[in-house]
Amino acid sequence: MGEVKLFRTWSSPYALRIVWALKLKGIVYETIYEDLANKSSLLLEYNPVHKKVPVLLHNGTPICESLVILEYIDETWNTTARFLPEDPLARATARFWAKFNDDRVVTSIFRAYVTQGAEQEEAIGPALENLDIVEKQLIGKNFFSGESFGFLDLVFGWIAKYLGIFEETGGIKLIDEDRFPLILAWKDKFCDIPVIKESWPDQEKLITKFQLMREHFISTAAGSS
Amino acid sequence: MANEVKLYGATRSPFVCRAVIALNLKGIKYELVVEDLSNKSADLIKYNPVYKKVPVLVHNGNPISESLVILEYIDEVWNGVPILPQDAYEKAQARFWAKFMDDKCFPAVFKAVISHGEEQAVAEAQEALQFLENELKVKGSKFFGGDNINLVDITATFVAFWIGAVEEALGIELLPKDKFPKLTEWSDNYVNCQAVKDSLPPRENLVAIYKKRFGKA
């Protein structure tokens, strides 16, 4: 089915979605690691608009934006397990929740993570409210995609690892077991999937990286006030 | 089986207008349920509890929210004039540009508007719009979709019609012809497409609304 390359960083949760997708479909691919502080000329050529990862290169043509890439992979390698359902309404619902995750869940949690004191206290509320909405999505389901694993689990998958990192390094409690029992149950099932289990970035490296990132955001904010 | 289609919203919203254009493009009969966003109906809140926004498409009682999600849904359910390309790569490109429009262009343009054309805000809006200008240049076609309009053109309705209205209302310049010859030409072609013409709100209404909402006191 052609030559596949993935431009990624070792830590990006967005790139991780694509790693999972490629592995789940059994697609052979080459990884090109990017240092975002020193972007390669190839990355800038393939993603001139955003200059970001992930970028999927299929037979030399680039596809950017992780949700766009996921759908492209699903449609192009369409003989193996499909990520998105067939039914248009179910597809629309999945796309809605994917957008909700990327637009609201990620941004609100990140805001709570990179702040401290009063600003963090103010940011936690909306973050937890968005997680309440995520929790509700799991009612009566094994996975976000329903009975079995699918597109939405790839989208929400970052929660299974990165929230723990944020909790450990950000001094915040996000996934309380009384408030989010379904997310916790899903997390166990999700992390049990072999492709997921083998693909997580190194825990210690993630902790160090995000700790530094948080400190950077906090000191930048302090400097500009 | 009854095919009941309702669209919640009013066409003065560029997002609602996208859905109207898609419905008209496919020749789908629908009922427009106009919402007063300062006094949202119980139905709207029921159908879009997460955002409580328009547009919401309700098809046989099933709600679909978010304009780009609605456009893809309409294309998948109803045959006729295609909104997305068939080819997976072309489709990915269309989705990429539609997302860029909403994630970068619209917020930048909005910022320029609410700042009454503040220099930095306008520069950033034009920087975003420049990517669209370049894309048209590279494609060398009449529309983002080629000879016919597609998802990207429909998503860019606010560029073709709303920008002109705010420019007039606020006396600012966002999309000068000399800087954006391709986008200007594209806008003229786009608003003259039948489905688009049938869907756009009267321009003077928009100008009046924006004068009132964003104009200097």
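Throughout, residues of each chain are indexed from 1 in the direction in which the sequence is written. Whichever chain is written first is A, and whichever ligand is written first is 1; the rest continue in order. The predicted nature of this model means local features are confined to residues of pLDDT at least 70 and side-chain atom pairs, given and counted, to a pLDDT of 80 or more, with totals for whole chains, interfaces and linings taken over all residues. To obtain the side-chain values, all non-hydrogen atoms of the structure were included, while hydrogens and water were left out.

1. Points about the overall build of chain A
Counting from the N terminus, the helices are the DSSP runs of H or I reaching at least four residues and the strands are the DSSP runs of E reaching at least two. From N to C terminus, chain A includes 10 helices and four strands. Here chain A has a C-alpha radius of gyration of 18 Å; the compact-globule value for 225 residues is 17 Å, and the two agree. Dimensions of chain A, computed from C-alpha atoms along their principal axes, come out at roughly 50 × 45 × 30 Å. Relative accessibility thresholds used throughout: buried, under 20% of the residue-type maximum; exposed, over 50%; partly exposed, between the two (1.4 Å probe, protein chains only). A burial count over chain A gives 53% of its 225 residues as buried. Contacts are residue-level and defined by heavy atoms, with any inter-residue pair within 4.5 Å sufficient. Contacts in chain A between residues far apart in sequence, at least 24 positions, make up 69% of those at least 6 positions apart. A total accessible area of about 10200 Å² is found for chain A, and carbon and sulfur atoms account for 53% of it. When charges are tallied, Lys and Arg are placed among the positive residues and Asp and Glu among the negative ones, while His and the ends of the chain are skipped. For the purpose of locating charges, the reference atoms are NZ of Lys, CZ of Arg, CG of Asp and CD of Glu. Here chain A holds 25 positive side-chain charges and 32 negative ones, and the gap between their average locations is 3 Å. It is over C-alpha atoms that the radius of gyration is taken, and the globule rule equals 2.2 Å times the number of residues to the power 0.38. For the area figures, the Shrake-Rupley method with a 1.4 Å probe applies, and any residue is considered shielded solely by the protein chains shown.

2. What to know about the pattern of salt bridges
Take a side-chain nitrogen of Lys or Arg and a carboxyl oxygen of Asp or Glu: if they are within 4 Å of each other, that pair is a salt bridge. Counted according to the given criterion, the structure contains 25 salt bridges over all chains. Notably, a salt bridge pairs arginine 111 of chain A with glutamate 119 of chain A, separated by 3.4 Å at the nearest N-O pair. Among the residues examined, arginine 111 of chain A registers a relative accessible area of 38% and is labelled partly exposed. Judged by its relative accessible area of 39%, glutamate 119 of chain A falls in the partly exposed class. In this structure, a network of salt bridges that share partners links the residues Glu71, Glu75, Arg91 and Arg95 of chain A together with Glu72, Glu76, Lys91 and Arg95 of chain B.

3. What to know about the nonpolar core
Here, nonpolar core means buried Ala, Val, Leu, Ile, Met, Phe, Trp, Tyr and Cys residues that are tied together by side-chain atoms lying within 4.5 Å of each other. Ranked by size, the top nonpolar core spans 89 residues in total, and within it Leu129, Leu132, Val159, Leu183, Trp186 and Tyr190 of chain B carry the most contacts. With 11 residues, the top contributor of residues to this core is helix α4 (residues 88-114) of chain B. Counting residues in each nonpolar core, the second largest holds 70 residues, with Leu22, Leu70, Phe83 and Phe190 of chain A among its members.

4. Some points on the environment of alanine 169 of chain B
All names here are of chain B. The topology assignment puts alanine 169 in helix α7 (residues 157-170). Considered as a pair, alanine 169 and aspartate 36 are 133 residues apart in the sequence and their alpha carbons are 22 Å apart. Residues in contact with alanine 169, not counting those within four places in the same chain, are Val207, Tyr210 and Lys211.

5. Some details on the domain arrangement of chain A
All names here are of chain A. Note that the domain bounds were set by an automatic or database domain assignment. Examined at the domain level, chain A breaks down into domain 1 (4-76) and domain 2 (88-224). Put simply, the middle of domain 1 and the middle of domain 2, counted by C-alpha atoms, are 21 Å apart. Between domain 1 and domain 2, the contact holds 16 residues from the first and 24 residues from the second. Two parts placed together each lose some accessible area under a 1.4 Å probe, and adding up what both lose gives the buried area. Carbon and sulfur atoms make up 68% of the surface buried where domain 1 meets domain 2, a total of about 1700 Å² over both sides.

6. As for the interface of chain B and chain A
The partner chain A presents 24 residues to the 27 residues of chain B that form the contact. Across the chain B to chain A interface the summed buried area is about 2300 Å²; carbon plus sulfur atoms make up 68%. On the chain B side of the interface with chain A, the three residues burying the most area are Tyr51, Tyr89 and Phe96 of chain B, jointly 24% of the side's total. The interface formed by chain B and chain A holds eight salt bridges in total. The salt bridge involving glutamate 76 of chain B is made with arginine 95 of chain A; its shortest N-O contact spans 3.1 Å. Going through the elements one at a time, β4 (62-65), α3 (67-77) and α4 of chain B are the ones with two or more residues in the side of chain B that touches chain A. With 12 residues, the single largest contributor to the side of chain B that touches chain A is α4 of chain B. Of the residues belonging to the side of chain B that touches chain A, the class tally is 14 nonpolar, four polar and nine charged. Classes in brief: Ala, Val, Leu, Ile, Met, Phe, Trp, Tyr, Cys and Pro nonpolar; Asp, Glu, Lys and Arg charged; the others, Gly included, polar.

7. A look at the sheet that holds β4 of chain B
Residue and element names in this part refer to chain B. With mixed pairing, four strands are arranged side by side in an open sheet as β2-β1-β3-β4. In this open sheet, the two strands that pair with only one neighbour each are β2 (31-33) and β4. Neighbouring strand axes in the sheet, compared pairwise and without regard to direction, differ in orientation by 25° on average. Two strands are said to pair when DSSP picks up at least two bridges between them. Here four bridges tie strand β1 (residues 5-8) to strand β3 (residues 56-59), and the two strands are oriented antiparallel to one another. Residue valine 5 lies in a different strand from β3, and its bridge partner there is histidine 59. Here the axes come from fitting lines to C-alpha atoms, over the contacting stretch only for helices, and the angles between their N-to-C directions go from 0 to 180 degrees.

8. Focus on the sheet that holds strand β2 (residues 30-33) of chain A
Sheet strands associate in pairs through backbone hydrogen bonding, adopting either a parallel or an antiparallel arrangement. All names here are of chain A. Pairing in this open sheet of four strands is mixed, and the strands run β2-β1-β3-β4 from one edge to the other. Since the sheet does not close on itself, it has two edges, and those belong to β2 and β4 (61-64), each with one partner. Across the sheet, the mean angle from the axis of one strand to that of its neighbour is 25°, orientation sign disregarded. Bridging between strand β1 (residues 4-8) and β2 involves four bridges; their strand directions are parallel. The residue of β2 that forms the bridge with lysine 5 is glutamate 30. In this fold helix α1 (residues 13-24) packs onto β1 and β3 (55-58), with an angle of close to 155° to the strand it touches most, β1.

9. Considerations on helix α8 (residues 181-191) of chain B
Residue and element names in this part refer to chain B. All of the buried residues along α8 are Leu183, Thr184, Trp186, Ser187, Tyr190 and Val191. Looking straight down α8, one finds its buried side chains confined to an arc of 165°; they lie on one side. Contacts from the buried residues of α8 go to α1 (14-26), α5 (119-139), α6 (151-155), α7 and α9 (194-197). The arc in question is traced by the directions running from the helix axis to the C-beta atoms.

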